[in-house]
Amino acid sequence: MKRLLLALLTAGTMIVSTAVQAQDHKTLGIVALLANDALNIAVIGGATDAAKAAGWDVKVTDTQASADQANAAMNNFAAQHVDAIFVLAFASSSIGSGLAAARDAHIPVGTWGGEIVPGIVATTSGRQVGDDSVKYLLEKAGEKANVLAMTFHPGKLCIDRGVAFDEGVKGKSGVKVDYSEVVAPGQVQFGNATAAAWLTAHPAGGDAPLAIWSCWDEPMQGAVAALRQAGRTDVTTVSINGSAQALQLVKEGDMTATVWQPAYQEGKEVFQAILDSMKAGDSWQPKTIEIPGVVVTKDNVDKFMAEHPNGM
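These numbers were taken from a predicted model, which means no experiment stands behind them.

**Student:** For this particular structure, what's the right way to read the packing of helix H7 (residues 187-201) against helix H8 (residues 217-230)?
**Tutor:** If you want to describe how two helices pack, look at the angle between their axes and the distance between the axes. Between H7 and H8, whose axes approach to 6 Å, the crossing angle comes to 45 degrees. Judged by the inter-axis angle, H7 sits oblique to H8. Read as a crossing pair, H7 and H8 show a hand that is right-handed. Residues Gln187, Val188, Gly191, Asn192, Ala195, Ala196 and Leu199 of H7 form the contact with H8, whose participating residues are Glu218, Pro219, Gln221, Gly222, Ala223, Ala225, Ala226, Leu227, Gln229 and Ala230.

Below, the structure written as structure tokens:
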């Protein structure tokens, strides 16, 4: 009888222990703008590595740049009772129903590039890299130039970078800008077709320097292909992110510059801020994480790639 009682007690202890372990096993739900975009991949990688190091599981939903899908993903994560949500590159104003669901479920939300609003414990800023990109473009092309600017308003980071571009060229009467809104998915193809048409309308040897600016690398990759196809070497090209593909284009001399954003580290730091907020509870103050970027050109690309072999 004593042996039976001991066995039952031991089994009960094991069941309780297993239940406690299950309760302690936490999950991070990541809502990606474009899960196959190089910068999204880097952010997801940083957050995932940090989460797994802390013993968490990670689930990723690709929204294909749809705010409706982002809200649906957040509602789904809330219904699954994940322990935290990380939203990539959506404006906070566009994910209202998802934030409401997270707040109702008492789930902290971190964002990459979103505004601080109720329910968001931490975010990052993409403004500085935008400022750096337009400053460098104007230094290279001059303040009398024709510029093709490829913008993307579904993505909050690109919105911030676009504001930086607008403010950078504001008041410069010699700078003529043709704006084109990128379509994604299909951003590389869009950049190629848009640049090809713009180059036809702006032949070499005109009376003003030419430049193309893109709020992220992938449309610029398409634009660079158009430049190659047209045999054009007279156009300054500047984009943002510092993806491996963009760095290689800079190294080969096909792209003038990319402004590297430390996305992997940002992913790690947003996750750490989520952990810190959970520990602090009601005393937590939402924070904006700002990590300086780097303007990568032909002059420093070899050194940069040696220091960041994986682009991180």
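**Student:** Just checking my understanding: could you explain the packing of aromatic side chains for this structure?
**Tutor:** Applying the stated criterion to the full structure yields 5 aromatic pairs. Here Trp56 and Phe271 contribute two aromatic rings whose centre-to-centre distance is 5.1 Å and whose plane-to-plane angle is 90 degrees, an arrangement assigned as edge-to-face. Residue Trp56 is located in the loop between helix H2 (38-53) and strand E2 (57-62), and its partner Phe271 is located in helix H10 (residues 263-280); the two are separated by 215 residues in the primary sequence. The same class applies to Trp56 and to Phe271, which are both buried. Ring centres 5.2 Å apart and planes at 65 degrees place the aromatic pair Trp260 and Phe304 in the edge-to-face group. On the criterion of sequence distance, the pair formed by Trp260 in strand E10 (residues 257-260) and Phe304 in helix H11 (residues 301-307) is long-range, its members being 44 residues apart. Residues Trp260 and Phe304 agree in their burial class; the two are buried. Clustering of aromatic rings is evident, with ring pairs tying together Phe165, Tyr179 and Trp213.

**Student:** In this structure, what is going on with the nonpolar core? I would like to understand it.
**Tutor:** Soluble, globular proteins show a tendency: their nonpolar side chains are buried together. Counting 93 residues, the largest nonpolar core has Leu28, Ile85, Phe86, Trp112, Phe152 and Ile212 as its most contacted members. Once residues within four sequence positions are removed from consideration, Ile85 is found in contact with Leu28, Gly29, Val31, Met74, Phe77, Ala102, Ile107, Pro108, Val109, Gly110 and Ile274.

**Student:** Sorry if this is basic, but what is going on with unusual backbone geometry here?
**Tutor:** One can expect most non-glycine residues to show negative phi and most peptide bonds to be in trans. Across the junction of Ala184 and Pro185, the peptide omega takes the value 0 degrees, indicating a cis bond. Mapping Pro185 onto the fold places it in the loop between strand E7 (175-181) and H7. Despite not being glycine, His81 shows a phi value in the positive range, around 60 degrees.

Rules behind the numbers
- Residues numbered from 1 in each chain as written.
- Predicted model: local features only at pLDDT ≥ 70, side-chain atom pairs only at ≥ 80, totals over all residues.
- Heavy atoms only, no water.
- Axes fitted to C-alpha atoms, helices over the stretch in contact; angles between N-to-C directions.
- Helix = DSSP H or I, 4+ residues; strand = E, 2+ residues; numbered from the N terminus.
- Parallel < 35°, antiparallel > 145°, perpendicular 65-115°, else oblique.
- Left-handed = near helix turned anticlockwise from the far one by under 90°.
- Contact = heavy atoms within 4.5 Å.
- Phe/Tyr/Trp six-rings, centres within 6.5 Å; stacked < 30°, edge-to-face > 60°.
- Buried < 20%, exposed > 50% of the residue type's maximum accessible area, 1.4 Å probe, protein only.
- Core = buried A, V, L, I, M, F, W, Y, C linked by side-chain atoms within 4.5 Å.

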